[in-house]
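Geometric and topological summary
Chain residues, written in single-letter form:
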Amino acid sequence: MNAIAPVDFDLDPTATGLELLRRWAQRADSVGGFPQRLAARPVEFDEGSVRIVCDLDPGHANFMELVHGGVSAALVDVAGGSAVMTILEPGQSLLTTDLSMRFLNAAPLDCARLETVGRIVFRDARKAVVEATVSTADGLVIAQGTVGVSIRAAR
């Protein structure tokens, strides 16, 4: 088993969320922790939206030799937080407050990659709601979800 290092990412309080997302994308293979284990990274992002890719390996499988549903759930959560990250001001942080999702198709492990697109559909000063869709590279929709995210004031 490959050992994953602890999270090693500087949440610089002087950077905007968009700048932090850009830094994550630049060093996605070395951030450690769950993001690295999931093998998910942002590849496209703009204010209010993000596209996350997840390169699959045998560690993403369930006993049925399909991609475990928890991978899709994690991708919906990551896309939700990442989309909200694009609108954060310096010093602000975020926290997922709720997540709902629907599994629509099984993802075969041999599909190699899942892509998740998240878009903010509601926002105010304290919270945002993101709709996210997980699909294979050839467009098969695997899951759809909605993520509620709290925007936390700078300390």
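Our structure is the block above this text.
**Section: unusual backbone geometry**
With a phi angle near 65°, Ala39 is a residue other than glycine that sits in the positive phi range. Looking at the element boundaries, Ala39 is found in the loop between helix H2 (33–38) and strand E1 (40–46). Residue classification places Ala39 among the partly exposed residues on the basis of a relative accessible area of 21%. At Glu65, a residue that is not glycine, the phi angle is positive and equals roughly 60°. By the secondary structure assignment, Glu65 is in the loop between strand E2 (49–55) and helix H3 (69–85). Using a relative accessible area of 64% as the deciding quantity, one classes Glu65 as exposed.

**Some points on the side chain of Thr86**
Residue position: Thr86 is located in the loop between H3 and strand E3 (93–103). Polar contacts involving the side chain of Thr86 include one to the main-chain amide nitrogen of Gly48, which spans 2.7 Å. For Thr86, the contacting residues outside a window of four places in its chain are Leu18, Leu21, Phe45, Asp46, Glu47, Gly48 and Ser49.

**Observations concerning the pairing of strand E4 (residues 113–123)**
Pairing geometry for E2 and E4, over seven bridges, is antiparallel. Paired with Val50 across the strands is Gly118, a residue of E4. Taken together, the nine bridges between E4 and strand E5 (residues 127–136) define a ladder with antiparallel strand orientation. Within E5, the position partnered with Phe122 by the bridge is Val129. The antiparallel pairing of E4 with E5 creates a hairpin that spans three residues between the two strands.

**Some words on the nonpolar core**
Counting 37 residues, the largest nonpolar core has Ile52, Leu75, Val84 and Leu114 as its most contacted members. Elements with a minimum of two residues in this core: helix H1 (17–26), E2, H3, E4, E5 and strand E6 (141–152). In terms of residue count, the dominant contributor to this core is H3 (nine residues).

**A word on the pairing of E5**
Of the strand pairs in this sheet, E5 and E6 are connected by nine bridges, and their pairing is antiparallel. Counterpart to Val129 in the pairing with E6 is Gly148.

**Some thoughts on the packing of H1 against H3**
Look at H1 against H3: their axes get within 8 Å of each other, and the N-to-C directions meet at 130°. When the interaxial angle is binned, H1 and H3 end up oblique. Residue-level inspection shows Gly17, Leu18, Leu20, Leu21 and Trp24 of H1 in contact with H3, the latter providing Val78, Ser82 and Met85. The residue inventory of the contact of H1 with H3, partitioned by class, reads six nonpolar, two polar and no charged.

**Some points on the side chain of Ser82**
Tracing the backbone shows Ser82 in helix H3. Beyond its immediate stretch of four places on either side in the chain, Ser82 contacts Leu21, Trp24, Val50 and Ile52.

**A few points about the sheet that holds E3**
Here we have six strands laid out as an open sheet, ordered E1-E2-E4-E5-E6-E3, and antiparallel in their pairing. Each edge of the open sheet carries a strand with a single partner, namely E1 and E3. The mean angle between the axes of side-by-side strands here comes to 25°, regardless of whether they run parallel or antiparallel. Contacting E1 and E2, H1 runs over the sheet at an angle of about 135° to E1.

Rules of the game
Numbering of residues starts from 1 in every chain and runs along the sequence as written. Reporting of local features is limited, given that this is a predicted model, to residues whose pLDDT is at least 70; pairs of side-chain atoms are given and counted only at 80 or more, and all residues count toward the totals for whole chains, interfaces and linings. To get the side-chain values, all heavy atoms of the structure are used, and hydrogens and water are removed first. Elements are defined by DSSP. Helices are runs of H or I of four residues or more, strands are runs of E of two residues or more, and each kind is numbered from the N terminus. Type-normalised accessible area, obtained with a 1.4 Å probe on protein chains alone, sets the label of each residue: buried when under 20%, exposed when over 50%, and partly exposed for intermediate values. Within 3.5 Å is the distance limit for a polar contact, defined as a pair of N or O atoms, with the added protein rule that one can donate a hydrogen and the other accept it, and that residues adjacent in sequence qualify only through two side-chain atoms. By the convention used here, residues are in contact when the closest approach between their heavy atoms is within 4.5 Å. Strands pair, by our definition, only if DSSP identifies at least two bridges between them. By nonpolar core we mean a set of buried residues, namely Ala, Val, Leu, Ile, Met, Phe, Trp, Tyr and Cys, connected to one another through side-chain atoms within 4.5 Å. To get an axis, a line is fitted to the C-alpha atoms, and for a helix only the part in contact is used. The angle between two axes follows their N-to-C directions and goes from 0 to 180 degrees. Angle categories: roughly parallel below 35 degrees, roughly antiparallel above 145, roughly perpendicular from 65 to 115, and oblique for all the rest. Classification convention: Asp, Glu, Lys, Arg as charged; Ala, Val, Leu, Ile, Met, Phe, Trp, Tyr, Cys, Pro as nonpolar; all other residues, Gly among them, as polar.

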